[in-house]
Amino acid sequence: MAYPQPDLHTPCREDVLVVTPWLAPIVWEGTFNIDILNEQFRLQNATIGLTLFAVKKYVIFLKLFLQTAEKYFMVGHRVNYYIFTDLPDSVPRVRLQEGRQVVILKVQSYTRWQDISMHRMEMISNFSRQRFLREVDYLVCADVDMIFSDHVGVEILSSLFGTLHPSFYGFSRLDFTYERRPQSQAYISKDEGDFYYIGALFGGSVQEVYRLTKACHEAMMVDQANDIEAIWHEESHLNKYLLYYKPTKVLSPEYMWDALSFYTWEKALQGRHAVFRKRRFRILPKNLTAMRN
Amino acid sequence: MGGSEEGTPGPNGSSSSQGADWATPLPSDRDSGETEAQRGEGTYLRSYSLQIVVLITTPWFAPIIWDGTFDCAILDMQFRNTTVWLTVFAIKKYVVFLKLFLKTSVKYLMVGHKANYYIFTDQPANVLHILLQEGWQVVVLEVHNYPHWQDVSMHSMEMISNFSKQQFLREVDYLVCLDVEMKLSDHVGVEILFSLFGTLHPGFYTANCQAFTYERHPLSQAYIPRDEGDLYYAGSFLGGSVLEVPVTRHCHQAMMVDHANLIEAECHDKSRLNKYLLYHKSTKVLSPEYLWDERMLCRPPFLRKL
């Protein structure tokens, strides 16, 4: 396989951090050669599972999500879309490439949207143990109200990865919206914290995702018993987990593009938004109040 | 969609006019009293612009480990339950290097972690007893003496391969293979550990791959064609998890095939190692800081530590 020789004298990116202090790569455009990585993952014959929760009104996002995933997500690799829904008949039929399939998993709905969101951890951990361990090598857990607009491939895969929240990129840890009440299991003190990870995209090997989701679910149950709910629900618990069990890869905000945050950055970064060369996975603007009721 | 060119600098042309926080390097583990508690995402993400002059991650995401790229405190915490298995060959006259090697390695290598030394020697009586840190053991293994040094070098792979099958798989988590004619002069710790790592050969890291002394004889098992090749790895410092060190077995097997074909690959173990690491990309790469030959002139300014 022919490709250009890596140049040891030239950093691949000079404008951003590409490796965390615990030596996990931070994935930006320019840091990787997709041909080498595709080759490595094909040699493993890797199958990737993508978990999606389309409960109640959120089923309407499925069609566009799947259509754009077919175009941009793990192209050329084997993919199982695991769609957790309370309305299996509403799952649209989308034409899939070879080696890819949709698996519909019926789940119960909850009255509160926060409960729907938080119980994702429980469901992913249960299904990981019962099924995913046997069927796939990697799990990608994503929100469904998103579309793909550029390549998202095997460069994201490692034993455990998290994604930088676009609204907090470049902020001091003092401003992260971690859970700050010591009574909660998700509590993180003001002098701790590496990054603020978003709950909308995380993943890794099935084993590691199982550990993460199980830990988060158990922590939420403890909180529930103590009559407290973390400020950003499962995202707060995710951040607590990834603080102590550091991810082996971190995805840049290229992988969680939010047009709203972009305008905040414009001011903060003073036009240095050129750091974001690609916008791969976008949050869809929507009326949250309408969606959640 | 798709691929990207590695080695392309960012479009940010105004680096020299950036504010102080962009110019602040990430404090190294050694010269900073600042704890992790004092740093936040802002510092992490903004801190590199004027300081980076080298590649710190390969195009397949193996971090290239230079001083300043890692935080010892975090890594020591992650590896606190790990045991490291260090193999060193001291055969014939090479035993003279052993004392200095052990003296310096006690001081600098894997400090604070559990490590077992396995010293392969043909003169067990000459191996010195040096006071070692608590939790460390030295095991002396007697091995055959070969008449030619080339055979010694080549068969070192065989011995590691055999022992890894018999003994080590039960005991420890990571294997590090070192040459004995080295001394350590600075910290070498758990930052190097991962499933498979190799060290950049100090003599070749600036060279174009055409100049690498890969094995060019097509019939050798170690053959790498002229237009392929990423990095030139030295034979004297490599390792990985015990599950991943089939590299030694692979090198050994390739060597046996060549031997049968009466081809002795240029620079012996290094050629086979390089072929293996080209096609099974290492997951961490150690910079030449980890393997420096004082005989070479003009140490470049960005090699901060050895």
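Further up the page is the structure itself.
Reference entry: report on the structure contained in this document. All values reported here derive from a predicted model rather than from experimental measurement. Numbering of residues begins from 1 in every chain and follows the order in which that chain's sequence is written. Chain labels run from A onward and ligand labels from 1 onward, assigned in the order the entries are written. Local features in this predicted model are restricted to residues of pLDDT 70 or higher, and side-chain atom pairs are both shown and tallied only at a pLDDT of 80 or more, whereas totals for entire chains, interfaces and linings draw on every residue. To get the side-chain values, all heavy atoms of the structure are used, and hydrogens and water are removed first.

**A word on the packing of helix α3 (residues 113-135) of chain A against helix α4 (residues 206-225) of chain A**
Residue and element names in this part refer to chain A. Quick reminder of the rule: Note on geometry: axes are lines fitted to C-alpha atoms, helical ones only across the stretch in contact, with angles between N-to-C directions running from 0 to 180 degrees. In DSSP terms, a helix is any run of H or I states spanning at least four residues, a strand is any run of E spanning at least two, and both are numbered starting from the N terminus. Left-handed describes a crossing whose near helix is turned anticlockwise from the far helix by less than a right angle; the clockwise case is right-handed. Only heavy atoms matter for contacts: two residues are in contact if any of them lie within 4.5 Å across the pair. Residues are grouped as follows: nonpolar covers Ala, Val, Leu, Ile, Met, Phe, Trp, Tyr, Cys and Pro; charged covers Asp, Glu, Lys and Arg; every other residue, Gly included, is treated as polar.
Closest axis-to-axis distance for the α3/α4 pair is 8 Å, and the angle between their directions is 145°. Of the two elements, α3 crosses α4, and the hand of that crossing is left-handed. Between α3, through Met118, His119, Met121, Glu122, Ile124, Ser125, Ser128, Arg129, Phe132 and Leu133, and α4, the contact on the second element is made entirely by Val206, Val209, Tyr210, Leu212, Thr213, Lys214, Cys216, His217, Met220 and Met221. Residue composition of the contact of α3 with α4, grouped by class: twelve nonpolar, five polar and three charged.

**Notes on the pairing of strand β8 (residues 197-205) of chain A**
Residues and elements named next belong to chain A. Defined as follows: For every residue, the accessible area (1.4 Å probe, protein chains only) is compared with the maximum for its type, and the residue is labelled buried under 20%, exposed over 50%, or partly exposed between those bounds. By definition, two strands form a pair when at least two bridges between them are found by DSSP.
Burial analysis of β8 places nine of its nine residues in the buried class, which makes it a mostly covered element. As defined by bridge partners, strand β5 (residues 138-142) adjoins β8 across five bridges and the pair is classed as antiparallel. Residue pairing across strands places Val140 opposite Gly203, the latter belonging to β8. Note that strand β7 (residues 160-164) and β8 share four bridges and pair antiparallel. Bridge pairing in β8 places Leu160 opposite Gly204.

**A few points about the sheet that holds strand β3 (residues 78-85) of chain A**
All names here are of chain A. Taking strand neighbours across the sheet as the criterion, the eight strands line up as β1-β9-β7-β8-β5-β2-β3-β4 in an open arrangement whose pairing is mixed. Unpaired on one side and paired on the other, β1 (26-27) and β4 (100-106) mark the two borders of the sheet. The strands touched by α4 are β5, β7 and β8; relative to β8, the strand with the most contacts, the crossing angle is about 140°.

**Points about the nonpolar core**
Residue and element names in this part refer to chain A. Spelled out, the test is: For this analysis, a nonpolar core means a set of buried residues of the types Ala, Val, Leu, Ile, Met, Phe, Trp, Tyr and Cys, connected via side-chain atoms within 4.5 Å.
Counting residues in hydrophobic clusters, the biggest one holds 58 residues, and the most contacted among them are Phe84, Phe132 and Leu212. Here this core gets seven residues from one element, more than from any other, and that element is α3. Each residue touching Phe84, except ones within four places of it in the same chain, is listed here: Thr51, Leu52, Phe53, Ala54, Val55, Leu105, Val107, Met123, Phe127 and Phe132. One finds Ile36, Val140, Met256 and Met291 within the second-largest nonpolar core, a separate group that totals 51 residues.

The quantities given are spatial measurements derived from coordinates; they are silent on function.
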